[in-house]
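Architecture and fold: a report
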Amino acid sequence: MNIPADLPRRGSSRPAGSRRRNVLLAAAGAVVFLLLFSSGIAGFYTDYLWFDDLGVAQVFTGVLKARLVLVVVFLAAAYLLVWGNLRIAERLSPMGPRRGPEDDVVQRYRDAIGSHGGKVRLAIAATLALLLAGGVGSRWEQFLLFRNQVAFGTKDPQFHRDISFYVFDLPFRTFVVNWLLFALILTTLVTTAFHYLNGGIRLQVAQQRGASPQVKAHISVLLAGIAFVKAYSYWLERFELVYSRRGFAQGAFYTDVKARLPALGLLTLISVAAGILLLANIYRRGFALPAVSTGLWLFVTVLVGSAYPAIIQQFRVKPAENRLETPYIQRNIDATRAAFGLNVEVRDFDYTEAPGAVTGASLQDDAATVRNIRLWDPNEKLARVTWQQQQSFRPYYQVLDVDVDRYPLKGQPTQVVVATRELKPSDLPSSNWVNQHLAYTHGYGAIIAPANAATPDGFPAYSLKDLPPTGEPQLEQPRIYVGEQGDQSAANDYAIVRTKQPEIDFQRPTGGDETSSYAGTTGVKLDSAARRLAFAVRYREVNVITSPLITSESKVLYVRGIKERVRKVAPFLTLDNDPYAVVTPDKRIVWILDAYTTSSRYPYSQSVGAIGNLTGVNYARNSVKVAVDAYDGTVTLYAVDGKDPVLKAYSKTFPGLFTDPTKLTGDQATRYSDLETHFRYPEDLFALQANLLGRYHITNPNEFFSATDRWNVSPDPGVQATRPTAVPVAPSATGTPRPGGLGLTNLSSGEDGRIPPTYQLQRFPGEDQLRFGVTVPYVPYDRGDLRLQLTAFLTARSDPGEYGKLVLYRTPPGQQINGPSLVASNILADSTISQQISLLNQEGSSVLFGNILLVPIEKSIIYVRPLYVEANTNPVPKLVKVIAVYGNRAVMRDTLAAALTELFPGTAPPTLEQGGGGTTTPTTGAGPPAPPVPGGNVASLIGRADTAVAAAQAALQKGDLAEYQRRVNEAADLVRQAGQLSGAPPPTGGTASPGPVAGAPPGAAVTTTTSTPAPAPTTTTASG
């Protein structure tokens, strides 16, 4: 038998053309898939390479596995739930012909799907499963903590469960229950619709209206499932009461315990009863029982769940709130203090201003404190600008931030201000690809200056400076590949190193570039075509593939921002906003970043608002110190609080991720010890604790309720002097500058307009050892900030062995001690000081104030405030004056030593001013005194003062500070004489004391004031 040629041969089910077409379609599909998802695939692959390169692949795989497990489990559960019920609905559908208006709908539905009913069920189940499981992967952290929970060892006072149940268990359990409830409701609705389309439910045929017994049983089971899951939800909701905000503070208070808790118990029982009735309804006709149970359920929910607690709160609690809420207030106090580590040592500070309480000898005895009083404010508008102008050297280098630290300089512990010189990619000489990613790859060097030192012309006396870096501490590896700049331009911030293109360090003074080649251990090698292709796709840059400068030894450095880098390594930690650079004894730069373990689930603890990145939390610990090498980007997570249960849970989840400092030996132990000497108690956590302690230093619940002794962190007097509208005239009889005098605008402040935490190296009251700590002052709580007397100041220690120790110094109750804002007001109210400030603040220049520093000496307090002047063109703040205040007396001089000597006659206190090398003596200004004016009318004197001011400004712009000061003093003298001729009385409320006026010639006098006007309002945040 001959087989026709046009028939396919045996064994061949499809023609060859069809197979080729399928192959081509498959290839085209693969190409489309790669085009659509290539960026995601490349990002996923290069992310894994990055984690593996840093040796933290367990984080990448651990998070990925957790996400996959959640998605797979919930996707499968949702699919089986929906598909199984739709399959049951299909099997329960009535067979055979039926007549009625609805039967046409059923028949059309059956005709439409035909034999594809299974595919329809599959499609609907898959779609709903994807909808239900779409966001569950984001719950990976809750899931991992649920699996790896660790006991706190403390029980809550209401339900007597370990705190771990609330922090680790309850969040994930609540999520699962809520998910299941929503999934059951959605499944019930879809299943009911299917029963209708299949004819199992009839609504329009009177004699057959309703559902068949089988359909009714199916729906009753689903509704019973909803009721039982809701009953469990009510049972879990009982535990959520410990976060209630219904009472006086956060937690389960009287109404929650006496009304809301029983209501939830009743609702739980009703839900269970409703479920049982729904199951019993399988054997009864109609839906009477479910209807009754559902109605009762809704009625009790409204009446008992909402109305009854509201009535109890209004008519039972509010009339006797103090008495009824007392035990619950105590719970809130204890929980809040425990959750935020408010273990505070309280010391009495027996303040006195008695004659002789502070003398020149006292300052000599506390020489280490005096020589470390900080004159350079790290505020964005002050020190950073000066560092940038003086030490960046090239447009492509920048100073992004300055921070306060301490170093042993010349054998003595010295408070310093530290900055780094980072790359500024936007200002490269030429913005081509080679320059951006191969040549200009890194910043270079650190900048350090003693915080108490200044050169004679008012600039920092740097101890480490210039290119290449010189001075102390010594720096042999100054290159910065990972820094703060990377956090600002993270998307495309990568460098390719070890290429044929030399990397530029800096330009030599003699000409030409100093170059180097990266020799670090980290970086992903471009040693395969696949890797080069992946990075080319990630960065959308074909040069990664085609550039002849790249070799198989080349490496890619990416994720180069400090916070971005740490956030990827430990995405579950909350990071502080302010990383700071440390020059280590092995002569390299290491970034230190504080990291917090946080939770919003600590029972009865008070939640806080936004302080830095600590937002909405009611538990926080500074459990981790992160060290990031600026050269190779190595990240080390030091577990500095091994007792923290949250950190223990994360350590259990990611074994090997955290380094226990107590188990280090050899070089690793030495390296950690070197870093530990530079640890700072973090500002964000301290600000949070300080704000809470203003209220939670009160541990008696009745006193807590009345809040009589409540405190606030002092308002920030950080102000900038505004330019007067005319040459200032003599003050009025009240001592207040007349129109045209000094005005105020906001410059900086801490949280909610409060003084920011201030780092200081000093000897604290009652101690004999110099310590580095962070401090804030308190004033009485007042909504209008009208009571500004100092009530206490809080400090947190940062030194090894005492790290994190909180000490609260309380001033004697009832004693009127000026707080920082009153001191700032007294400074500005001093007629002589305000006149000089006004003269410094004329057209062409602006006056800026630094932090106002509280310095305890013996049993008294000295306040110190630096004053800067900057030109309006090319502004570079210069330290020109220092104001010191003791009691109600304020003086302003060229140096801190001169100001303190004026306040406390005797031996000049030791400072590092004017050269940074050692002690200075009081200065009396430059140039001879302005000659007295024998006569003239007021108009001519004012005109001559105007001329002197103009001459002073011209001298300032030329940089001639001696002539500038002489002209300022001349103008001040002319203004004084004009006031005398006009008949204006001398200012009251102050006393004239002999001595030089802030750098004025010998013989000039300074007037101090005892008045205490209210301070100017302040806003915005600044770090100290």
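The model shown is predicted, which means the values in this text are computed figures rather than measured ones.

A closer look at the overall build of the protein chain
A count of helical and extended segments in the protein chain gives 28 helices and 37 strands. In the protein chain, of all internal contacts separated by at least 6 residues, the share reaching a separation of at least 24 is 70%. Here the protein chain displays about 43,200 Å² of accessible surface, and carbon together with sulfur accounts for 57% of that area.

Overview of the environment of Lys648
Topologically, Lys648 is positioned in helix H20 (residues 645–653). Remark: the alpha-carbon pair of Lys648 and Gln149, spanning 499 residues in sequence, is separated by 8.4 Å. If we ignore the near neighbours within four places in the chain, the residues touching Lys648 are Val150, Gly642 and Lys643.

Things to note about the sheet that holds strand S16 (residues 524–525)
Taken in spatial order, the three strands line up as S13-S17-S16 in an open sheet, and their pairing is antiparallel. Of all the strands in the sheet, the pair left with one neighbour each is strand S13 (495–497) and S16.

Considering the packing of helix H2 (residues 57–91) against helix H5 (residues 140–147)
It is at 9 Å that the axes of H2 and H5 come closest, and there the two elements cross at 95°. Taken together, the axes of H2 and H5 are roughly perpendicular relative to one another. Between H2, through Gly62, Val63, Ala66, Arg67, Val69 and Leu70, and H5, the contact on the second element is made entirely by Trp140, Phe143 and Leu144. Residue classes in the contact of H2 with H5 are distributed as seven nonpolar, one polar and one charged.

Quick look at the side chain of Asp47
Looking at the secondary structure, you find Asp47 in helix H1 (residues 16–54). If we ignore the near neighbours within four places in the chain, the residues touching Asp47 are Phe60, Arg538 and Lys568.

Some remarks on the pairing of strand S14 (residues 503–507)
The side chains of a regular strand alternate, first on one face of the sheet and then on the other. Among the five residues of S14, four are classified as buried, and the element is accordingly described as predominantly covered. The antiparallel pairing of S14 with strand S15 (residues 513–516) creates a hairpin that spans five residues between the two strands, and Gly511 there sits at a positive phi of about 105°.

Focus: the pattern of salt bridges
Note on pairing: side chains with opposite charge can pair once their charged atoms come close. Per the counting criterion, the structure on display carries 34 salt bridges. When the shortest N-O distance is used, the salt bridge between Lys568 and Asp47 registers 3.6 Å. Placement of the pair is Lys568 in helix H19 (residues 562–569) and Asp47 in helix H1, with a sequence separation of 521 residues. Looking at Lys568, the relative accessible area reads 22%, which means it is partly exposed. Asp47 gets classed as buried once you look at its relative accessible area, which sits at 18%. If you follow the salt bridges from partner to partner, you end up with Glu345, Arg347, Glu767, Arg771, Arg797, Glu802 and Lys805 in one network.

A closer look at the pairing of S15
Bridge analysis of S14 against S15 gives four bridges, and the strand direction is antiparallel. Bridging across to S15, Gln507 finds its partner in Asp513.

A closer look at the packing of aromatic side chains
Per the stated rule, a full pass over the model turns up 49 aromatic pairs. Ring centres of Phe74 and Trp179 lie 4.8 Å apart, and the angle between their planes is 90°; this geometry places the pair in the edge-to-face category. Placement of the pair is Phe74 in helix H2 and Trp179 in helix H6 (residues 163–197), with a sequence separation of 105 residues. There is no split in this pair, since Phe74 and Trp179 are both buried. A network of ring pairs unites the aromatic residues Phe74, Phe143, Phe146, Phe172, Phe175 and Trp179 as a single cluster. The ring of Trp50 has Lys568 lying over it, and the distance from NZ or CZ to the ring centre is 5.8 Å. Taking NZ or CZ as reference, Arg710 lies 4.0 Å from the ring centre of Tyr781, over its face.

Here is what the cut-offs are and how they apply
Residues numbered from 1 in each chain as written. Predicted model: local features only at pLDDT ≥ 70, side-chain atom pairs only at ≥ 80, totals over all residues. Heavy atoms only, no water. Helix = DSSP H or I, 4+ residues; strand = E, 2+ residues; numbered from the N terminus. Contact = heavy atoms within 4.5 Å. Areas by Shrake-Rupley, 256 points an atom, 1.4 Å probe, with all protein chains shown as cover. Pairing = 2+ DSSP bridges. Axes fitted to C-alpha atoms, helices over the stretch in contact; angles between N-to-C directions. Parallel < 35°, antiparallel > 145°, perpendicular 65-115°, else oblique. Nonpolar A, V, L, I, M, F, W, Y, C, P; charged D, E, K, R; others polar. Buried < 20%, exposed > 50% of the residue type's maximum accessible area, 1.4 Å probe, protein only. Salt bridge = Lys/Arg side-chain N within 4 Å of Asp/Glu carboxyl O. Phe/Tyr/Trp six-rings, centres within 6.5 Å; stacked < 30°, edge-to-face > 60°. Lys NZ or Arg CZ within 6 Å of the ring centre and 35° of its normal.

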